[in-house]
Amino acid sequence: MLPSLNVDIRFNELVFEHILDRLDLRHMWEYIKLNNPSGSAPYHSNQHMFHVARIANELLVNGGYSDPLLQRMLITAALWHDYDHSAGMAVNDSINIARAVSGFTMWAKTVSDGWIPADIHVESISQLIRGTEFPYASRECSVLLGYLRDADLLYGISEDRVVEVMEGLRSEMSHKGTIDLITMEQNQIEFLQKTTLFTKLGALIWNELLPKALKAQQRYVSIHQPTKDVPLCQVM
């Protein structure tokens, strides 16, 4: 049975909060929530990183990996992967990635004050964060990076994220030029239909959710796209 990404989102949040406690990652997450400069960004926000981490962990565990060390590493990378994101202001994603890695390594080496568990390898997690730079440099990746990339992609096609994509992501992308809803929908259709995920489980969920996501986005645009005024002479 495929893990659900949409059913009772609050229940899923509470379960993941418990997982953070069990893996001793709460201290780190609280620091991120308090200090992330882009925590309330329109799309690449704390909420985005939290749910990418949640989805990545679901993929990992349902993919047959239950080692707490792997969970720690994957969740840690996911919770930092968009830290201090430029929200569309950077000329390319490498700048965003550099900021995220800098924030993580600074926390790990100084702010954590000895809290960081011995099995959290700073460079290994930094490499996972670097592997989320988009567009991806290569499709070759480790199991953990595959789940992290898939979670990042799957977040955007959950039906309950339509507004975040069509408004939040669109506003970030509009820093390089205004994008209207129709254009955004067309761009999304092209992007989503040509996207290939990195793990078998991720691909199964993607194929199940994609038609629903496309319909949800189409419905949103049909409701919210401003209608053009028709000259009176055309209706007389």
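Please refer to the structure higher up on the page.
A brief structural summary. Please read all numbers here as calculations on a predicted model, not as lab measurements.

Rules behind the numbers
- Residues numbered from 1 in each chain as written.
- Predicted model: local features only at pLDDT ≥ 70, side-chain atom pairs only at ≥ 80, totals over all residues.
- Heavy atoms only, no water.
- Axes fitted to C-alpha atoms, helices over the stretch in contact; angles between N-to-C directions.
- Helix = DSSP H or I, 4+ residues; strand = E, 2+ residues; numbered from the N terminus.
- Parallel < 35°, antiparallel > 145°, perpendicular 65-115°, else oblique.
- Contact = heavy atoms within 4.5 Å.
- Nonpolar A, V, L, I, M, F, W, Y, C, P; charged D, E, K, R; others polar.
- Buried < 20%, exposed > 50% of the residue type's maximum accessible area, 1.4 Å probe, protein only.
- Phe/Tyr/Trp six-rings, centres within 6.5 Å; stacked < 30°, edge-to-face > 60°.
- Lys NZ or Arg CZ within 6 Å of the ring centre and 35° of its normal.

## Section: the packing of helix 9 (residues 181-194) against helix 10 (residues 200-224)
Moving on, step 1. Taken N-terminus to C-terminus, the directions of helix 9 and helix 10 make an angle of 170 degrees; their axes are 10 Å apart at the nearest point. One finds that helix 9 runs roughly antiparallel with respect to helix 10. Note on element contacts: helix 10 touches helix 9 through Trp206, Leu210, Leu214, Gln217, Gln218, Tyr220, Val221 and His224, opposite Leu181, Ile182, Glu185, Gln188, Ile189, Leu192 and Gln193.
Moving on, step 2. Each residue belonging to the contact of helix 9 with helix 10 can be placed in one class, and the counts come to 9 nonpolar, 5 polar and 1 charged.

## Focus: the environment of methionine 28
Moving on, step 1. Here methionine 28 lies in helix 2 (residues 26-35).
Moving on, step 2. When its relative accessible area of 1% is taken as the criterion, methionine 28 is described as buried.

## Regarding the environment of alanine 203
Moving on, step 1. Relative to the elements of secondary structure, alanine 203 occurs in helix 10.
Moving on, step 2. On a C-alpha basis, the gap between alanine 203 and aspartate 150 in space is 8.1 Å, while along the polypeptide they are 53 residues apart.

## Thoughts on the packing of aromatic side chains
Between two aromatic rings, the relevant description is the distance of the centres plus the angle of the planes.
Moving on, step 1. Summed over the entire model, instances satisfying the criterion amount to 12 aromatic pairs.
Moving on, step 2. Aromatic pair phenylalanine 16 and phenylalanine 50: ring centres 5.2 Å apart, planes at 80 degrees, arrangement edge-to-face. Taken together, the residues phenylalanine 16 in helix 1 (residues 9-22) and phenylalanine 50 in helix 3 (residues 46-62) connect sequence positions 34 residues apart.
Moving on, step 3. Overall, the relative accessible area of 1% leaves phenylalanine 16 in the buried class.
Moving on, step 4. Judged by its relative accessible area of 6%, phenylalanine 50 falls in the buried class.
Moving on, step 5. One aromatic cluster is present, formed by Tyr31, Trp80, Tyr83, Phe104 and Trp107 through successive ring pairs.
Moving on, step 6. The aromatic ring of phenylalanine 198 is capped on one face by arginine 139, whose charged end is 4.1 Å from the ring centroid.
Moving on, step 7. Arginine 149 extends its terminal NZ or CZ atom over the ring of phenylalanine 198, reaching a point 4.9 Å from the ring centre.

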